[in-house]
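Now for the letters of each chain:
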Amino acid sequence: MKTAATIVVMGLVQGVGFRYFVHRHAVQLGIHGFVHNLYNGDVELEVEAEHEALESLIRQVRIGPRAARVTDVKVTWRDPQGSFSGFHIR
């Protein structure tokens with residue numbers, strides 16, 4: 001079943017290739033949406049896909065790339081809007 005989520009990743013997640021890490025995994029999983037840095041040092045994802053694909057991505061972002069230090073991940077589930085085409089880094 002398709003679903004959507006806003007995912008905020010906290011910790012040392014900027015300047016370590018985190019957005020590119022997310023992009024690679026999201027594309028492999030067929031997830032649509034985007035990832036971008038927030039001004040407070042967190043990284044935010046807006047994503048839509050099958051629920052299982054999103055759960056897989058969440059598992060990956062909890063680990064992050066080698067240089068990252070993820071301290072917390074907050075997920076807000078919502079209904080999909082179908083407004084995304086592909087996955088992009090902003």
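All of these numbers come straight from a predicted model, not from anything done at the bench.

Looking at the packing of aromatic side chains
- Following the criterion strictly, the structure yields two aromatic pairs and no others.
- Measuring from ring centre to ring centre gives 6.0 Å for Phe18 and Phe21, while their planes differ by 45 degrees; the resulting arrangement is tilted. You can see Phe18 and its partner Phe21 sitting in helix H1 (residues 18–29), three residues apart, about one turn around the helix. Phe21 matches Phe18 in its accessibility class, with the two residues each being buried.
- Each ring, one from Phe34 and one from Phe84, has its centre 5.8 Å from the other, and the planes form 70 degrees; the classification is edge-to-face. Of this pair, Phe34 sits in strand S2 (residues 32–37) while Phe84 sits in the loop between strand S4 (69–78) and strand S5 (87–89), placing them 50 residues apart in sequence.
- Classification of Phe34 as buried rests on a relative accessible area of 10%.
- The ring of Phe34 is capped by Arg90, whose NZ or CZ atom sits 3.8 Å from the centre of that ring.

Notes on the nonpolar core
- Grouped together as the largest cluster of nonpolar side chains are 23 residues, with contacts concentrated most on Ile7, Phe18, Ile31, Leu45, Val47 and Val61.
- Among the elements of the structure, strand S1 (2–12), H1, strand S3 (43–50) and helix H2 (51–63) are those that each provide at least two residues to this core.
- When residues in this core are grouped by element, the largest group, five residues, is from H2.
- Residue contacts for Val47: discarding those within four places in its chain leaves Thr3, Ala4, Ala5, Ile7, Ile31, His32, Gly33, Leu54, Leu57, Arg78 and Phe87.

Some points on the sheet that holds S5
- Ordered in space as S4-S1-S3-S2-S5, the five strands form an open sheet in which the pairing is mixed. Pairing within the sheet leaves two strands with one partner each, and these edge strands are S4 and S5. Ignoring strand direction, the axes of neighbouring strands in this sheet form an average angle of 15 degrees.
- One ladder, built from three bridges, connects S2 with S5; its direction is parallel. Counterpart to Phe34 in the pairing with S5 is His88.
- Where H1 meets the sheet, it contacts S1, S2, S3, S4 and S5, and its direction lies at approximately 175 degrees from that of S5.

Scoring rules and cut-offs
- Residues numbered from 1 in each chain as written.
- Predicted model: local features only at pLDDT ≥ 70, side-chain atom pairs only at ≥ 80, totals over all residues.
- Heavy atoms only, no water.
- Phe/Tyr/Trp six-rings, centres within 6.5 Å; stacked < 30°, edge-to-face > 60°.
- Helix = DSSP H or I, 4+ residues; strand = E, 2+ residues; numbered from the N terminus.
- Buried < 20%, exposed > 50% of the residue type's maximum accessible area, 1.4 Å probe, protein only.
- Lys NZ or Arg CZ within 6 Å of the ring centre and 35° of its normal.
- Core = buried A, V, L, I, M, F, W, Y, C linked by side-chain atoms within 4.5 Å.
- Contact = heavy atoms within 4.5 Å.
- Pairing = 2+ DSSP bridges.
- Axes fitted to C-alpha atoms, helices over the stretch in contact; angles between N-to-C directions.

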